[in-house]
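Chain by chain, the residues run as shown.
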4 protein chains.
Amino acid sequence: MRLKAVLLNCTLKKSPAVSNTEALMRKVIEVLESLDVECELIRVVDHNVPFGVESDMGDGDEWPKILEKVLGADILIMGMSIWFGVRSSVAQMVIERLDGTYNTTNDVGQYPLYNKVGGVVVTGNEDGAHDCASNTLFNMSHLGLAIPPNADTYWLGNAGPGPSYIEAGGEDHPYTQKTTQWMAHNVVHLARTLKKHPIPPEGNTVPGWQPEDCKHREQRMPAGHVG
Amino acid sequence: MRLKAVLLNCTLKKSPAVSNTEALMRKVIEVLESLDVECELIRVVDHNVPFGVESDMGDGDEWPKILEKVLGADILIMGMSIWFGVRSSVAQMVIERLDGTYNTTNDVGQYPLYNKVGGVVVTGNEDGAHDCASNTLFNMSHLGLAIPPNADTYWLGNAGPGPSYIEAGGEDHPYTQKTTQWMAHNVVHLARTLKKHPIPPEGNTVPGWQPEDCKHREQRMPAGHVG
Amino acid sequence: MRLKAVLLNCTLKKSPAVSNTEALMRKVIEVLESLDVECELIRVVDHNVPFGVESDMGDGDEWPKILEKVLGADILIMGMSIWFGVRSSVAQMVIERLDGTYNTTNDVGQYPLYNKVGGVVVTGNEDGAHDCASNTLFNMSHLGLAIPPNADTYWLGNAGPGPSYIEAGGEDHPYTQKTTQWMAHNVVHLARTLKKHPIPPEGNTVPGWQPEDCKHREQRMPAGHVG
Amino acid sequence: MRLKAVLLNCTLKKSPAVSNTEALMRKVIEVLESLDVECELIRVVDHNVPFGVESDMGDGDEWPKILEKVLGADILIMGMSIWFGVRSSVAQMVIERLDGTYNTTNDVGQYPLYNKVGGVVVTGNEDGAHDCASNTLFNMSHLGLAIPPNADTYWLGNAGPGPSYIEAGGEDHPYTQKTTQWMAHNVVHLARTLKKHPIPPEGNTVPGWQPEDCKHREQRMPAGHVG
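None of the values given here were measured: they were computed from a predicted structure. (Residues numbered from 1 in each chain as written. Chains lettered and ligands numbered in written order. Predicted model: local features only at pLDDT ≥ 70, side-chain atom pairs only at ≥ 80, totals over all residues. Heavy atoms only, no water.)

### Points about the overall build of chain A
Convention followed: Starting at the N terminus, helices and strands are each numbered in turn, a helix being any DSSP run of H or I of at least four residues and a strand any DSSP run of E of at least two. Just to be clear, the radius of gyration here is over C-alpha atoms, and the globule rule we use is 2.2 Å times residues to the power 0.38.
Secondary structure summary: chain A contains six helices and six strands in total. Secondary structure elements of chain A, listed N to C terminal, follow the sequence β-α-β-α-β-β-α-β-α-β-α-α. The C-alpha radius of gyration of chain A comes to 18 Å, within 12% of the 17 Å expected for a compact globule of 227 residues. Principal-axis analysis of the C-alpha atoms places the extent of chain A at approximately 60 × 40 × 30 Å.

Below, the structure written as structure tokens:
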């Protein structure tokens, strides 16, 4: 059972500029590939992705082709830089574009990102990784992704301006090395489990949901469906 | 396979004062019990729980008995009120006390909260639920819990002061009703799955971890361990 | 002493699409104009503003002309919509572009946004205004702006999807009306005060600062400079 | 014109345990005292301060005596440690207790903390200072305090566990030294200015405010009141 991962690099810088976040994402990819996961790394700003909250904003919007890859993957990793303590504008834009997925469902009536697994990579010269990761993983969970334990890895320096991941030799930082291992392994563990044992479409489906349904739960949930 | 859930109500108010958060937590319990989950609801401020980051602060600390229940459960739900846009001080205190779990592992070397599932309940008269839920679910994921899709339910009114959940008739609010169903079902779905198919202790264990281990991954991960 | 205010509308939507945030910003402008403030409202996405952290990214970048207006104003108001509980990507992009101002100073060696005053306007269909406003006002304070009491106004509905400011009749919401008054008055009060009594360049200047300077404070701060 | 500052140390640890946050707060005090500010440092957990949102929770509550000092000061500095990326539970508790001030006004009808100035000190072994500072300064601004530019100073190490401020030699960290100077000077500059030129009670008063008043602004605001 081979898994696919899509990794969206949400740096502000277009290729071929050096991306510190990408350098750490490549460490994650090394682990994922060692676990037999097929990885595709996409630098969002290299594509024409306009602001918006629909899945296709028209006018040459290249988000649909990225979204198609996300929908075809088992694992979604978002990488981002920190600016002013907050996730990059590109990361925020990607989350906004994923809002469009709320308008469709998977085959069993759940949000289309159900049964996929999310993880986050953050780099900054200082402070802000918790805020970036918590917002992003939470948004992912709202969109339907499951979040394994220790689903993030990050590098950052101490207080104030300073060198970034590559220049600072972040690849040798033990904590980041450890969490890179943990994150990469755990997204794979959970993705494998959910691929074999998906979350049943019970109590969590979208179409036609009405508050009244709550009173008739037995009609929506066939006996023995769970487990 | 019966599951156990511990629900920590992190309101500021001691019993018997009315707790809006508890009112919504009881809605969650209704769904959990309908799914054959044994539930225990604990109002933290009714117990002597001092500030600290160890699992036992001595001097009559009653956190150890609460922690024991958390460690014996499959599902941990934290309920909290919003104050000034941020989770209640009691919720923050509970997260701080859980820091003590980092000093131990489960039987296979992972953090002791691995293979448990987390969810969050938030109420406020206005604004702040995303911040409370994202921080809390993220902290839970760091502690080892897995987070299912749509792992939170909340109620809040529109901008500014106003009535809280009970007085405002929040129990009839369709969005909160829907997310209560989704959250309760999904923590159960994922807890059942992880109870049968736990996250393997591969690439995510604590004791004796050293950066050097990364170079010898095959020694740490027996072939065929995953899946 | 006439004041100038620049108001940056950080909606995702280009003109002529309706902007709920703009509708509330226009309420702020009404108050500002009644207090004899000259206002200029700029919708950022109507201009060619690329991602980046420099003040001029080249290639037809239109940020420099916006920045020039900001630098010429006494008051900077940022308006933004909430997406997924976080400020819009456009608002984040604007903050990132303001990073470029750190590379210059005003005439007395402070950051160039010193002695200007900041305020924030937020709209969303639900939840997230505190997070948007706190991050934005804090970032502004780092950039050099002063923040008066009650420096934000926002509108949002109750939990979950729902109508936005205009459709929901947010203009009649007492709390938002009140905070619009407070915010608009207070940015003017403080801007007037700082225009007459600027923050002295003492203990807060940029160029050539070295930790060693701390030991020679009297050299940097002429007697009687303060007050 | 001598100023008074109250500094609330919101560490989790009771005296005489070492407080890293206090060590940095003492650096701030050094600067404040050099600027002729009378400083009082209070470690909140050394006092009996229960959870709550009223100014006096009874039963030996010692918050009222702390609040009295805050109300008598020109400058309020809150110091706090980071836990799990979020401000300490004690800092959150202090903000919650300040909620009680909304029930009173100063002599001219503004919130009682108007015309005071706020600043923040944060220490942690890693990540989270922006989140702590932004929430706290924003909450302060809601309560009525004015926030000068660069109103925070913090120290934190790089990603992951590690030594705290004192052990790590944080007192020699240039960025923290610089921001300590900036913060301390700027709270003094602004407090002096507001003491001489307070924010006029115009458009920002509490009692009896009604939306209708907006239509009769001229009645509430005597000509020439501003400036």
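Let us keep going from here.
### With respect to the interface of chain B and chain A
What counts is decided by this rule: Residue contacts are counted whenever heavy atoms from the two residues lie within 4.5 Å of one another. Buried area is a sum: the accessible area each of two parts loses on coming together, probed at 1.4 Å, counted once for each and added. Each residue is assigned to one of three groups, with Ala, Val, Leu, Ile, Met, Phe, Trp, Tyr, Cys and Pro labelled nonpolar, Asp, Glu, Lys and Arg labelled charged, and all others, Gly among them, labelled polar.
Each partner contributes residues to the interface: chain B has 50 residues there, and chain A has 50 residues. Summed over both partners, the interface of chain B with chain A buries about 4300 Å², with 60% contributed by carbon and sulfur atoms. Among the residues chain B hides against chain A, the three largest losses belong to F138, W182 and H189 of chain B. Together they make up 14% of the total. Contributions of two or more residues to the side of chain B that touches chain A are made by helix 4 (129-143), helix 5 (174-196) and helix 6 (217-220) of chain B. It is helix 5 of chain B that contributes the most residues to the side of chain B that touches chain A, 14 residues altogether. When its residues are assigned to classes, the side of chain B that touches chain A shows 24 nonpolar, 19 polar and seven charged.

### Quick word on the nonpolar core
Counted only if it meets this: Nonpolar core, defined: a set of buried Ala, Val, Leu, Ile, Met, Phe, Trp, Tyr and Cys residues in which side-chain atoms within 4.5 Å join the residues together. Exposure is judged per residue with a 1.4 Å probe applied to protein chains only, and the accessible area is read against the type maximum: over 50% gives exposed, under 20% gives buried, and values in between give partly exposed.
Grouped together as the largest cluster of nonpolar side chains are 172 residues, with contacts concentrated most on L8 of chain A, L8 of chain B, L8 of chain C together with L8 of chain D. With residues up to four places along the chain from it excluded, the contact list for L8 of chain B reads M25, I42, V44, W63, I66, V70, L76, I77, M78, G79 and V94 of chain B.

### Details of unusual backbone geometry
Cis geometry is found at the peptide bond from S15 of chain A to P16 of chain A, where omega equals 5°. Relative to the elements of secondary structure, P16 of chain A occurs in the loop between strand 1 (3-10) and helix 1 (20-34). Unlike most non-glycine residues, D59 of chain B shows phi in positive territory, near 55°.

### A few points about the interface of chain C and chain D
As a reminder of what qualifies: The salt bridge criterion pairs a side-chain nitrogen of Lys or Arg with a carboxyl oxygen of Asp or Glu, the two atoms within 4 Å. Here a polar contact is taken to be a pair of N or O atoms separated by no more than 3.5 Å, where protein atoms must pair a possible hydrogen donor with a possible acceptor and residues adjacent in sequence count only if both atoms sit in side chains.
Counting from both sides, the interface comprises 50 residues of chain C and, opposite them, 50 residues of chain D. On the chain C side of the contact with chain D, F138, W182 and H189 of chain C bury the most area, a combined 14% of that side's loss. Between chain C and chain D we count zero salt bridges in total. Taken together, the connections running from chain C to chain D amount to 18 residue pairs in polar contact (both at pLDDT 80 or more). Within the residue set of the side of chain C that touches chain D, elements represented by two or more residues are helix 4 (129-143), helix 5 (174-196) and helix 6 (217-220) of chain C. Among the residues forming the side of chain C that touches chain D, the class breakdown is 24 nonpolar, 19 polar and seven charged.

### Here we look at the relation of the copies chain B and chain A
Which entries qualify depends on this criterion: Least squares is the method for superposing the copies, and the C-alpha atoms it fits come from residues with pLDDT of at least 70 in both.
Aligned on chain A, chain B shows an RMSD of 0.0 Å; the corresponding rotation is 180° and the shift along the axis is 0.0 Å. What the rotation and shift describe, once combined, is the action of a two-fold rotation axis. Looking at the interface residues of chain B, 100% of them are also at the interface in chain A, so both copies use one shared face.

### Examining the pairing of strand 1 (residues 3-10) of chain C
Across a regular strand the side chains alternate sides, sitting on one face of the sheet and then on the other. All names here are of chain C. Operational definition: For two strands to count as paired, DSSP must find a minimum of two bridges between them. Whether a crossover is right-handed depends on one test, that the path from the first strand over the helix to the second runs clockwise when the strands point away from the viewer.
The element strand 1 is largely enclosed, with a buried count of seven among its eight residues. The pairing of strand 1 with strand 2 (residues 37-43) spans seven bridges and is parallel. Of the residues in strand 2, the one forming a bridge with L3 is V37. In this region the chain leaves strand 1, passes through helix 1 (residues 20-34) and returns to the parallel neighbour strand 2; the handedness of that crossover is right-handed. Two elements, strand 1 and strand 3 (residues 75-83), share six bridges in a ladder whose sense is parallel. Within strand 3, the residue paired with C10 across the bridge is M80.

### Concerning the environment of N139 of chain D
As for its position among the elements, N139 of chain D is in helix 4 (residues 129-143). Considering only alpha carbons, one finds N139 of chain D and L98 of chain D, 41 residues apart in sequence, at a separation of 9.5 Å. If we ignore the near neighbours within four places in the chain, the residues touching N139 of chain D are F84 of chain B together with R87 and I95 of chain D. Within the structure, N139 of chain D has its side chain in polar contact with the side chain of R87 of chain D (distance 2.8 Å).

### Digging into the side chain of S81 of chain C
Residues and elements named next belong to chain C. When you line up the elements, S81 lands in strand 3. One polar contact links S81 to W83, side chain to side chain, over a distance of 3.2 Å. Discounting residues that sit within four places of it in the chain, S81 has contacts with C10, T11, L12, T21, V86, R87, S88 and T123.

### Quick notes on the pattern of salt bridges
Residues and elements named next belong to chain C. Here the structure, examined in full by the defined rule, presents 36 salt bridges over all chains. With a shortest N-O distance of 2.9 Å, K27 and E171 are connected by a salt bridge. Taken together, the positions of K27 in helix 1 and E171 in the loop between strand 6 (152-156) and helix 5 put the pair 144 residues apart, joining distant regions of the chain. A residue is classified by how much of its surface remains accessible, and K27, at 26% relative accessible area, is partly exposed.

### Regarding the confidence of the model for chain A
For residues with low pLDDT, the predicted coordinates do not support detailed interpretation. All names here are of chain A. Here is the rule we go by: In predicted models, pLDDT denotes the confidence assigned by the predictor to each residue on a 0 to 100 scale.
For chain A, the average pLDDT comes to 92, and 91% of its residues sit at 70 or higher. Note on residues 209-227: pLDDT is under 50 here. Beyond four places in sequence and across chains, it has 27 contacts. Quick note on the complex model: pTM equals 0.92, ipTM equals 0.91.

### Focus: the environment of A129 of chain B
By secondary structure assignment, the location of A129 of chain B is in helix 4. Once residues within four sequence positions are removed from consideration, A129 of chain B is found in contact with I82, V122, Y154 and L156 of chain B together with D127 of chain C.

### Comments concerning the packing of aromatic side chains
For clarity, the cut-off: In this analysis, rings of Phe, Tyr and Trp, with Trp reduced to its six-membered ring, are considered paired at centre separations within 6.5 Å, and the interplanar angle assigns stacked below 30 degrees, edge-to-face beyond 60, and tilted for intermediate values.
This structure, assessed with the given rule, holds 26 aromatic pairs over all chains. When the ring of F51 of chain A is compared with that of F51 of chain C, the centres are 5.9 Å apart and the planes differ by 75°; the resulting orientation is edge-to-face. Taken as a pair, F51 of chain A in the loop between strand 2 (37-43) and helix 2 (63-72) and F51 of chain C in the loop between strand 2 and helix 2 (63-72) lie in two separate chains rather than in one. With relative accessibility at 18%, the residue F51 of chain A sits in the buried group.

### A few points about the environment of N158 of chain B
Mapped onto the secondary structure, N158 of chain B falls in the loop between strand 6 (152-156) and helix 5. Distance from N158 of chain B to D127 of chain B, taken between C-alpha atoms, is 7.4 Å for residues 31 residues apart in sequence. Not counting the four nearest positions on each side in its chain, N158 of chain B is found in contact with N125 and E126 of chain B together with L156, G157, N158 and H173 of chain C.

### Overview of the packing of helix 1 (residues 20-34) of chain B against helix 5 of chain B
Residue and element names in this part refer to chain B. This is how the line gets drawn: Lines fitted to the C-alpha atoms define the axes, with helices restricted to the stretch that makes contact. Angles between their N-to-C directions range from 0 to 180 degrees. Any angle from 65 to 115 degrees is called roughly perpendicular, while one under 35 is roughly parallel, one over 145 is roughly antiparallel, and all others are oblique. Each crossing gets its handedness from the near helix: less than a right angle anticlockwise from the far helix is left-handed, clockwise is right-handed.
Relative orientation of the contacting elements helix 1 and helix 5 amounts to 50°, with a least axis distance of 9 Å. Taken together, the axes of helix 1 and helix 5 are oblique relative to one another. In the packing of helix 1 onto helix 5, the handedness of the crossing is right-handed. Seen from helix 1, the contacting residues are L24, K27, V28, V31 and L32; seen from helix 5, they are T176, T180, Q181, M183, A184, H185, V187 and V188. Per-class residue counts for the contact of helix 1 with helix 5 are eight nonpolar, four polar and one charged.

### Considering the packing of helix 4 (residues 129-143) of chain A against helix 4 of chain B
Where helix 4 of chain A contacts helix 4 of chain B, the axes come no closer than 8 Å and their chain directions differ by 100°. As the angle between them shows, helix 4 of chain A and helix 4 of chain B are arranged roughly perpendicular. Here H130, A133, S134, N135, L137, F138 and H142 of chain A of helix 4 of chain A come into contact with helix 4 of chain B, specifically with H130, A133, S134, N135, L137, F138 and H142 of chain B. Residues that form the contact of helix 4 of chain A with helix 4 of chain B fall into these classes: six nonpolar, eight polar and no charged.

### Comments concerning the side chain of S89 of chain C
Within the element layout of this structure, S89 of chain C appears in helix 3 (residues 89-98). The class for S89 of chain C is buried, based on a relative accessible area of 0%. With residues near it in sequence (within four places) discarded, S89 of chain C still touches F51, S89, Q92, M93 and E96 of chain A together with L12 of chain C.

### Comments concerning helix 2 of chain C
Residues and elements named next belong to chain C. Selection rule: Taken from the helix axis, the directions to the C-beta atoms give the arc we talk about.
If you check which residues of helix 2 are buried, you get W63, I66, L67 and V70. Down the axis of helix 2, the buried side of the element spans an arc of 100°, and every buried residue falls inside it. Buried-residue contacts for helix 2 involve strand 1, strand 2, strand 3 and helix 3.

### Quick word on the state of the cysteines
This is how it is decided: Here, the term disulfide refers to a pair of cysteine sulfur atoms separated by no more than 2.5 Å.
Scanning all chains against the criterion turns up zero disulfides over all chains. Between C39 of chain A, a cysteine without a disulfide, and C10 of chain A, which holds the nearest cysteine sulfur, the sulfur-to-sulfur distance is 16 Å.

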